[in-house]
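# Summary of the model geometry
Listed below, chain by chain, are the residues.
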Protein chains: 2
Amino acid sequence: MARISDPAKLENIKKATVSMIVEKGYGGASISAIAAKAGVADGYLYRHYPSKTELVRDLFSESTAMFFDYLQKELEHYTTFTDFITRYHRGLVDLINEKTDHAKFFIQLINDFTFEIDETAKQSILDLCHRTLERGQRDHEIPATCSSLDIYTVMVIVPLQIFSLYLKGFFGKITPDGKTAAMVTHTCLKLIRPS
Amino acid sequence: MARISDPAKLENIKKATVSMIVEKGYGGASISAIAAKAGVADGYLYRHYPSKTELVRDLFSESTAMFFDYLQKELEHYTTFTDFITRYHRGLVDLINEKTDHAKFFIQLINDFTFEIDETAKQSILDLCHRTLERGQRDHEIPATCSSLDIYTVMVIVPLQIFSLYLKGFFGKITPDGKTAAMVTHTCLKLIRPS
DNA sequence: TAATAATAAGTGAGTATTCATTCATTAACA
DNA sequence: TGTTAATGAATGAATACTCACTTATTATTA
């Protein structure tokens, strides 16, 4: 009945926002700069989001969901914990290399004290860690000395922070690869399954 | 010969900047708001720093140095790795509780892709990890399978990220304490010294 | 089929406000 | 008095957001 909205435009806005924030930070990513990068008029952002804060908050939720979805998808192929965590770290590297800006955006905001993580997302991931721990312990693959927080450490903290070091160029201009993933897995398995 | 400068004023500026950035983020922490909080005129900041960016960059360097100094001070009392890491985590909790805003500021900026860490500070900490690893291996306390990055993980990544979860209220309104430190140490020791 | 009415997509100049920064001025001390 | 600390009004650029408007598309009529 009327003009068709171009889905690419909204997608461009999202991409532009993410990359501008990673490049310039929240304050440095102005609406006009984002709109210009997205090839869209300034005002058009406000047809989709009520404010800049809400735009970023939404994208952060999307990022969180994307991360969580990947985690959950990998868990579907769970056979043993060792196998799972190996695949998971490996796939995480691919995901990060494929969507580097999204990964940086997520890591940056997760450590920002002005942005709070979704309460439901938080509960979901804590729950998921708990269930993974129980399964591993039932199969006698994870010792009783391990806690949910240990699982969170090897699933979230250690991989994200180590891959982030690479993204920040801490070790020079190297991007994380299969070798990096294997190294992270090795470190994490020592934590979970002291040999 | 002339009027004496009040050292408390500069200190107030630093404190106000740190707390405003933690509370509102870099963009939200305006010069006038910082100056007001510090009880100082807007223009006075520019007697000490050429720009807002430089002010924050300097404070970040100071934070990094403070963290590094604490780490180095603890290393002076090194007897065994186990003892060291236990004391170190325990002291880190105290430091974080004592200077919560500084800790948040440091954690936030270390994960910000627009702020780069000092090259010399980076080298120093990598070097320190390497030396700690070698000492631990010489004493047969740390197995040969461990890497410098493992040391970095138990010295920086895991404690900072887990304490940060507490600061963000991830587990409710609990502040990290001796028990939290012991838990982190336990997790980290499993990683380093698989029993 | 051709003309037009109706609807939603998309624009971008305009607004009030806030921003970082400057500098002429004043206050406090030697 | 001479020197420096410290002030805060002034400035112009930039900010987030608004809204009256244009443009593309479809439905409905003649």
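About the thresholds
- Residues numbered from 1 in each chain as written.
- Chains lettered and ligands numbered in written order.
- Predicted model: local features only at pLDDT ≥ 70, side-chain atom pairs only at ≥ 80, totals over all residues.
- Heavy atoms only, no water.
- Helix = DSSP H or I, 4+ residues; strand = E, 2+ residues; numbered from the N terminus.
- Buried < 20%, exposed > 50% of the residue type's maximum accessible area, 1.4 Å probe, protein only.
- Contact = heavy atoms within 4.5 Å.
- Areas by Shrake-Rupley, 256 points an atom, 1.4 Å probe, with all protein chains shown as cover.
- Expected span 1.5 Å × (residues − 1).
- Least-squares fit on C-alpha atoms with pLDDT ≥ 70 in both.
- Buried area = accessible area lost by both parts, 1.4 Å probe.
- Salt bridge = Lys/Arg side-chain N within 4 Å of Asp/Glu carboxyl O.
- Polar contact = N/O pair within 3.5 Å; in protein donor to acceptor, adjacent residues only side chain to side chain.
- Core = buried A, V, L, I, M, F, W, Y, C linked by side-chain atoms within 4.5 Å.
- Axes fitted to C-alpha atoms, helices over the stretch in contact; angles between N-to-C directions.
- Left-handed = near helix turned anticlockwise from the far one by under 90°.
- Nonpolar A, V, L, I, M, F, W, Y, C, P; charged D, E, K, R; others polar.

### Quick notes on the overall build of chain A
Counting its regular elements, chain A contains 8 helices and 0 strands. In sequence order, the secondary structure elements of chain A are arranged as α-α-α-α-α-α-α-α. In terms of principal-axis extent, the alpha carbons of chain A reach across some 60 × 40 × 30 Å. Relative to its 195 residues, chain A shows a buried fraction of 48%. When contacts within chain A are restricted to residue pairs at least 6 apart in sequence, those whose partners lie at least 24 apart make up 66%. As displayed, chain A has an accessible area near 9,400 Å², and 52% of this comes from carbon and sulfur atoms.

### Some details on helix H4 (residues 81-98) of chain B
All names here are of chain B. Here H4 contains 18 residues, and its C-alpha end-to-end distance of 25 Å stays within 8% of the 26 Å for a straight helix at 1.5 Å per residue. Taken together, the buried positions of H4 are Phe81, Phe84, Ile85, Tyr88, His89, Gly91, Leu92, Val93 and Ile96. Buried residues along H4 sit in contact with helix H3 (52-76), helix H5 (100-110), helix H6 (119-138), helix H7 (148-167) and helix H8 (178-192).

### Quick word on the relation of the copies chain A and chain B
Copies of the same chain, two in number, are related to each other by a rotation about an axis and a translation along it. Of the transformation superimposing chain A on chain B, the axial component is 0.0 Å and the angular component is 180°, with the fit at an RMSD of 0.1 Å. What the superposition gives is, in effect, a two-fold axis relating one chain to the other.

### Quick look at the interface of chain A and chain B
Each partner contributes to the interface: chain A provides 42 residues, whereas chain B provides 42 residues. The junction of chain A with chain B conceals about 3,600 Å² of combined surface from both sides, 68% of it contributed by carbon and sulfur atoms. Sorting the residues of chain A by area buried against chain B places A:Phe113, A:Phe170 and A:Lys190 first, and these three jointly supply 22% of that buried surface. Where chain A packs against chain B, one counts 2 salt bridges. Between A:Asp150 and B:Lys190 there is a salt bridge whose closest N-O contact spans 2.4 Å. Across the chain A-chain B interface, the total number found is 11 residue pairs in polar contact (both at pLDDT 80 or more). For the side of chain A that touches chain B, the elements supplying multiple residues, two or more each, are helix H1 (7-28), helix H5 (100-110), helix H6 (119-138), helix H7 (148-167) and helix H8 (178-192) of chain A. With 11 residues, the single largest contributor to the side of chain A that touches chain B is H7(A).

### Let's talk about the nonpolar core
A:Phe81, A:Met155, B:Phe81 and B:Met155 are the most contacted members of the largest nonpolar core, which has 132 residues in total. Sequence-distant contacts of A:Met155, defined by excluding residues within four places in its chain, comprise A:Phe67, A:Leu71, A:Phe84, A:Ile85, A:Tyr88, A:Leu128, A:Cys129 and A:Thr132.

### With respect to the packing of H8(A) against H8(B)
It is at 6 Å that the axes of H8(A) and H8(B) come closest, and there the two elements cross at 115°. Handedness of the H8(A)/H8(B) crossing: right-handed. Where H8(A) approaches H8(B), its residues A:Thr187, A:Lys190 and A:Leu191 are matched on the opposing element by B:Thr187, B:Lys190 and B:Leu191. Its residues assigned to classes, the contact of H8(A) with H8(B) comprises 2 nonpolar, 2 polar and 2 charged.

### Quick look at the environment of A:Thr145
By secondary structure assignment, the location of A:Thr145 is in the loop between H6 and H7. Taking the relative accessible area as the measure of exposure, A:Thr145 reaches 48% and is therefore partly exposed. Taking the C-alpha atoms as reference points, A:Thr145 and A:Arg193, separated by 48 residues in sequence, lie 9.9 Å from one another. In this view, A:Thr145 contacts A:Asp150, B:His186 and B:Lys190; residues no more than four positions away in its chain are not counted.

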